Amino acid sequence: MEEETRKGRLALLAEELHLQKLERTMEVRKEVEKCSIGIKTCDAKAEAALVDELKLSALWEETESYGTRMEQRHVDIVFIVILFP
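Just so you know, these numbers come straight off a predicted model, no measurement behind them. (Residues numbered from 1 in each chain as written. Predicted model: local features only at pLDDT ≥ 70, side-chain atom pairs only at ≥ 80, totals over all residues. Heavy atoms only, no water.)

Structural notes on the overall build of the protein
Alright, step 1. From N to C terminus, the protein includes 1 helix and 0 strands.
Alright, step 2. Classification of the 85 residues of the protein by burial places 0% in the buried group.
Alright, step 3. Summed over all atoms, the accessible surface of the protein reaches about 8,400 Å², with 64% contributed by carbon and sulfur. (Helix = DSSP H or I, 4+ residues; strand = E, 2+ residues; numbered from the N terminus. Buried < 20%, exposed > 50% of the residue type's maximum accessible area, 1.4 Å probe, protein only. Areas by Shrake-Rupley, 256 points an atom, 1.4 Å probe, with all protein chains shown as cover.)

Describing the pattern of salt bridges
Alright, step 1. Within this structure, the stated rule accounts for 3 salt bridges.
Alright, step 2. Arg6 is the salt-bridge partner of Glu3, the closest N and O atoms lying 3.8 Å from each other. Taken together, the residues Glu3 and Arg6, both in helix H1 (residues 2-83) and 3 residues apart, mark about one turn of the helix.
Alright, step 3. Of the residues examined, Arg6 reaches a relative accessible area of 48% and is grouped as partly exposed.
Alright, step 4. In this structure, Glu27 and Arg24 form a salt bridge, with 3.1 Å as the shortest nitrogen-oxygen distance. Residue Glu27 and its partner Arg24 are both found in helix H1; the two are separated by 3 residues, about one turn of the helix. (Salt bridge = Lys/Arg side-chain N within 4 Å of Asp/Glu carboxyl O.)

Some points on a nonpolar patch on the surface
Alright, step 1. The grouping of Leu56, Leu59 and Trp60 at the surface amounts to a nonpolar patch, some 340 Å² of accessible area in total.
Alright, step 2. Mapped onto the elements, Leu56 comes out in helix H1. (Patch = residues over 30% accessible without salt bridge, like charges linked within 9 Å, V, L, I, M, F, W, Y side chains within 5 Å.)

Read these as spatial facts, not as claims about activity.
In structure tokens:
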């Protein structure tokens, strides 16, 4: 009888240990999922910031190109005025 009681207690302890292990595994998986979501969110924000930066760079390049064209026109006009007063 004592042996059966001891085996029963061991079986209960083994089952409880198994359940604790499963619970801990689920907690770890939840933490991993949170991290994955955080990384995805961070990646999305970084990608959006990069797109914004590229748009801004393109705008600056366009502005610079426009300014260069305007300067060239000014030089052309001055040159024409000098040559043909």
